[in-house]
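Observations on chain architecture
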Amino acid sequence: MALSEHQERRLEKLRELRSQGIDPYPPRSHRTHTAQEALDRFASVEDGLGGEHDSEPVTVAGRIMTIRDMGRSIFCTLQDGSGSIQLFLRRNDLGEEAHTWFKRMIDMGDFVEATGHLFRTRMGEITVQASEVKLLSKALTPPPEKWHGLSDVETRYRQRYADLISNEEVRDIFIKRTKVVRAMRSFLDSRGFMEVETPTLQPLYGGAAARPFTSHYHTLDQTFYLRIADELYLKRLIVGGFERVYEICKDFRNEGIDGRHSPEFTMIEFYIAYADYNDVMELTEQMIVHCAQEALGTTSFTYAGHEIDLTPPWPRVTLRQALLDATGIDYLEVRDQKELYEEAKRLGADVQPADVWPRIVDELMKTFVRPNLIQPTFLIDYPVALSPLAKRSPDNPEVVERFQPFIAGVEAGNAFTELNDPLDQLSRFLEQVRDREAGDEDAMPIDEDYVNALMHGMPPTGGFGLGVDRLVMLFTDQQNIREVILFPHLRTKTTGLGLADALEPHISS
RNA sequence: GAGCCCGUAGCUCAGUUGGCAGAGCAACUGACUUUUAAUCAGUGGGUCCUGGGUUCGAGUCCCAGCGGGCUCACCA
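In short, a report on the structure. (Residues numbered from 1 in each chain as written. Chains lettered and ligands numbered in written order. Predicted model: local features only at pLDDT ≥ 70, side-chain atom pairs only at ≥ 80, totals over all residues. Heavy atoms only, no water.)

A word on helix α12 (residues 357-369). Residues three or four positions apart in an α-helix share a direction because the helix packs 3.6 residues into each turn. Taking 1.5 Å as the rise per residue, α12 with 13 residues should run 18 Å; its terminal C-alpha atoms sit 17 Å apart, in good agreement. Taking burial as the measure, the 13 residues of α12 include 10 buried ones, the bulk of the element. Of all the positions in α12, only Trp357, Pro358, Ile360, Val361, Asp362, Glu363, Leu364, Met365, Phe368 and Val369 are classed as buried. (Helix = DSSP H or I, 4+ residues; strand = E, 2+ residues; numbered from the N terminus. Expected span 1.5 Å × (residues − 1). Buried < 20%, exposed > 50% of the residue type's maximum accessible area, 1.4 Å probe, protein only.)

Put into structure tokens, the structure is as follows:
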């Protein structure tokens, strides 16, 4: 890619600045106020000014977003991390030389620093009347169009910096995302949880049903997998005596990409000793409400046109009952795969004759139950075959103590009373091995060290996992997961940007 | 992996039946001392994603490829 006319022109200005002895990239700024602080300051002193300028000068700094050149006076919008403030640059204030220099050398996108007195314009906008202005950083590429911004989805994802510069809504999404994560930490920290770090590179993956990414460690000449979940490591820590642990980290699953799945996504998992899934359910409600309160300032929001109200308590419905109500099928009665398949087929579910029994149950839930769970609802008590790490219900060994919260039809977590019986755990692993041999690539491998950990004794424990990206999607009303991931994965372009060749002639020294 | 749609100036987008490549913003020249997408007058700017093909003539039609989006499949 050759340089654009705009870039060439700015490179010329760069040379000219240097020849004037001006460093286009000085090492530091001397701002005294952020844009917001300057606005706040003026608002607080304005009443005593009697229409005059604030007598105390301020220095603000930021990126020039717009320039309105009126001849002997210029208005600019200066944007920094706190917001934006208007600059008023008069020839009489700056002096003719500096005024002309500004017009000649400063472009939209440049970072500048301006010193002057605050006042309110006739149009009512709080403004810095600059008596001094200095270049802080020359932008060689112009910003996207000021009115429509950058809207090409591919460019927005590949060049997120440009997206963030021009689209305020995008910035807001990621600010909310940060608040959600911060709220999770503060919620758990204040309840005696310990944040821990477990391996990303694992010799054996587990804790979820998914295909892993595979890597190779040269020094050990050994295959490593990128984690698909941190569950098994966190429970080893419960065995070790930590009673409340959590981790927020990236998990990696080698599967398709679509609007709801990213191969690399953020997961929060927590585990509590001496708690069961009922305790975890209460904590989950509280945590999600806390996150909404901290990120949105409210517990109600709109997702995909649905008005969602998070006010607890959320209804708890057994999966068995929900399926019974929606389809008339009682999965505890229909134990035969063929019979269940026929029933599901008759109802119009997308099932294949070869689908295993638990998969058909799952499909029935996704088709007939999940889309109707608009207001927050806990679906509880799942078939054991769907949950190899969860503890069986004392009332029915075919059912495990597991729940999933659903909000706006979106799965907002997964949790259960943890299986701490090493022999039962081993038999579940063996079941997974049989599934794998039957062709299920997502089935978990047997983890003997994990069984060994359980043999040391694990207290009754409740555990929880939640895809952070999904929760942020809910809170920001985004239907595509890439809108809540700063740098989503896209296919790498074979042709580079060509900048190295294009810019090389412009390197001085 | 399949189907459908998209790719035109730095950005946002038009482009009719196949007939000289267009607009707004941005840039450049000039005017303007309180503007708010400032305004006004003028000027320059294109690998129409890439490669083939059809045609007197292709941004437009056909084929292949590349990249992206949506839907489906896959995905506790």
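From this point on, the discussion continues.
At a minimum axis separation of 10 Å, helix α10 (residues 319-327) and α12 run at an interaxial angle of 60 degrees. With respect to each other, α10 and α12 are oriented oblique. Crossing of α10 against α12: the hand is left-handed. Between α10, through Leu319, Ala322, Leu323, Ala326 and Thr327, and α12, the contact on the second element is made entirely by Val361, Leu364, Met365, Phe368 and Val369. Considered class by class, the residues forming the contact of α10 with α12 number 9 nonpolar, 1 polar and no charged. (Axes fitted to C-alpha atoms, helices over the stretch in contact; angles between N-to-C directions. Parallel < 35°, antiparallel > 145°, perpendicular 65-115°, else oblique. Left-handed = near helix turned anticlockwise from the far one by under 90°. Contact = heavy atoms within 4.5 Å. Nonpolar A, V, L, I, M, F, W, Y, C, P; charged D, E, K, R; others polar.)

A barrel is described by the order of its strands in space; here 5 strands give the closed sequence β1-β2-β3-β5-β4, paired in mixed fashion. Shown here is a sheet whose adjacent strand axes are inclined to one another by a mean of 55 degrees, direction ignored. Pairing of strand β1 (residues 57-69) with strand β4 (residues 111-120) involves 7 bridges; the strand directions are antiparallel. Bridged to valine 58 within β4 is glycine 116. (Pairing = 2+ DSSP bridges.)

What follows covers the packing of aromatic side chains. Per the stated rule, a full pass over the model turns up 12 aromatic pairs. With a centroid separation of 5.0 Å and an interplanar angle of 25 degrees, the aromatic rings of phenylalanine 270 and phenylalanine 464 are classed as stacked. With phenylalanine 270 in strand β11 (residues 264-273) and phenylalanine 464 in strand β19 (residues 461-467), this pair connects stretches of sequence that are 194 residues apart. An angle of 70 degrees between the planes, with centres 5.4 Å apart, marks the rings of phenylalanine 301 and phenylalanine 475 as edge-to-face. Of this pair, phenylalanine 301 sits in strand β12 (residues 300-303) while phenylalanine 475 sits in helix α15 (residues 468-476), and the two are 174 residues apart along the sequence. Just as phenylalanine 301 is buried, phenylalanine 475 falls in that class too. Site record: aromatic cluster; members linked through ring pairs are Phe193, Tyr246, Phe270 and Phe464. Stacked on the ring of tyrosine 233, the Lys or Arg arginine 236 has its end atom at 4.8 Å from the ring centre. (Phe/Tyr/Trp six-rings, centres within 6.5 Å; stacked < 30°, edge-to-face > 60°. Lys NZ or Arg CZ within 6 Å of the ring centre and 35° of its normal.)

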